[in-house]
Every structure is written in C-alpha cells, then in structure tokens.
Amino acid sequence: MPKAVFYFDFASPNAYLSHRVIPGIEARTGVKFEYIPVLLGGLFKLTGNQAPMTAFAGIRNKLAYEARETERFVARHKLTAYRMNPHFPVNTLRLMRGAIAARQLGVFEPYVETAFKAMWEDGQKMDDPAVMAEVLAKAGLDAQALMAKAEEPEVKQGLLNNTEAACDAGAFGIPTFAVDGEIWFGKDRLREVEEAIAGV
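Computed from a predicted structure; not experimentally measured.

**Description of the overall build of the protein**
At step 1: When helices and strands are counted, the protein shows 10 helices and four strands.
At step 2: The secondary structure elements of the protein, listed N-terminal to C-terminal, are β-α-β-α-α-α-α-α-α-α-α-β-β-α.
At step 3: The globule rule puts the C-alpha radius of gyration for 200 residues at 16 Å, and the 16 Å found for the protein is close to it.
At step 4: When its C-alpha atoms are laid out on the principal axes, the protein stretches across 45 × 40 × 35 Å.
At step 5: Taking all 200 residues of the protein together, the buried fraction comes to 44%.
At step 6: Counting contacts in the protein only where the partners sit at least 6 residues apart, residues at least 24 apart contribute 75% of the total.
At step 7: A total accessible area of about 10,300 Å² is found for the protein, and carbon and sulfur atoms account for 52% of it.
At step 8: The averaged location of the 25 negative side-chain charges in the protein is 6 Å from the averaged location of its 23 positive side-chain charges.

In structure tokens, the structure reads:
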C-alpha cells in the first residue's frame, strides 16, 4: 500500500478543509493518511515563503480569486460547517505543540478533530490558553495534561523536527500532501493525491 502523508497546521483554513475531505479519500482507497503536525510560521521562515494575504496583497484580483476558489471547494464537498475564524490569523504554536503532546498521550485523533472544529467551525480564539483549555475539556480531553506536556522540551523539539523534515521533503506551505515521497501542495490537489494513491 502507498504511504500517504498530510502535513498540517491548525492555523490554515485550507488544512481544515483538507481534513474534512481526507476521510472520503481514505474510504475509497483503503489508505489511511499519516497526519504530521508542523508549524506553518516556521516553515515559512525555513523556505522564505509568506502568507497569501501578504504575498498577494499587491496583486489585483488575486485574493478575490482565492476566496472564490475556497467557496467552490466548500460547495463541491458540502462543507457547510466551515466558518472563517473571526480571530484570524491565530498563533497556533501552543496548539501545534499540543498535537505532538496528544500523540504521545494517545489522544491524537480526537485532539486534531477538536482543534480543527474549534478553529474553523466554532470561531474560537485558540491562541488564548484559557479558551484552549476550555475547548479541550469540553471535548472530554485532559486539558491540563495536554497543555503541561506541550511545554516539555521533547515536545517542542518534536514540532521543530517535524517542521524541518517537512521542509526537507519539499514542503513550503500548508496543506502539503505526500504519496510515497511525491508531494502536492494545496487542497485543490487532493484529486491528484487520490489518483496517486489509487495508482491511476
């Protein structure tokens, strides 16, 4: 079976949209994606990249087109729960370290689902530690244990290592996908990612 990888950061709305589409790809292909948490800001620093809002700010029509593409993607996949976070951009450093901690504590999948939902459906300000703790606790997760572990040097280094490894693999932004080492960038490439997994 091919190895499928999803490099993500909760800061990215396109990562959320991809997260919502990936289960369908997994069901159709029988291949489960490996989710790898990375820090988007760190990836930008490593590659010299910038957020689209900054990079395309001076290009007429570009950001409007990107917004329209998102609307089409949401409509195509019937992602009616999606809402732009009113606090965007949100600093997700603690949240991403929490993902590393969640994997070590055996609660990675519910943590990822909770964080993506809070960010891109419920509009939560997830860079506020009190908000983060409340959201995690309401989801039945041990917020205190997760947030404490997220501060451990091993966890911090783990996120850094993931980010550097993503860069070394060819990533320059989020979402990035890899199938047996071949990478694709952006939610609009998920059809090609699925074809690669299926061997089309």
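**A look at the packing of aromatic side chains**
At step 1: All chains considered together, the criterion is met by 14 aromatic pairs.
At step 2: Arranged with centres 4.7 Å apart and planes meeting at 45°, the rings of Phe172 and Phe185 form a pair that is tilted. Of this pair, Phe172 sits in the loop between α9 (153-169) and β3 (176-179) while Phe185 sits in strand β4 (residues 182-185), and the two are 13 residues apart along the sequence.
At step 3: The exposure class assigned to Phe172 is partly exposed, which follows from its relative accessible area of 36%.

Here is what the cut-offs are and how they apply
- Residues numbered from 1 in each chain as written.
- Predicted model: local features only at pLDDT ≥ 70, side-chain atom pairs only at ≥ 80, totals over all residues.
- Heavy atoms only, no water.
- Helix = DSSP H or I, 4+ residues; strand = E, 2+ residues; numbered from the N terminus.
- Rg over C-alpha atoms; globule rule 2.2 N^0.38 Å.
- Buried < 20%, exposed > 50% of the residue type's maximum accessible area, 1.4 Å probe, protein only.
- Contact = heavy atoms within 4.5 Å.
- Areas by Shrake-Rupley, 256 points an atom, 1.4 Å probe, with all protein chains shown as cover.
- Lys, Arg positive; Asp, Glu negative; His and termini not counted.
- Charge placed at Lys NZ, Arg CZ, Asp CG, Glu CD.
- Phe/Tyr/Trp six-rings, centres within 6.5 Å; stacked < 30°, edge-to-face > 60°.

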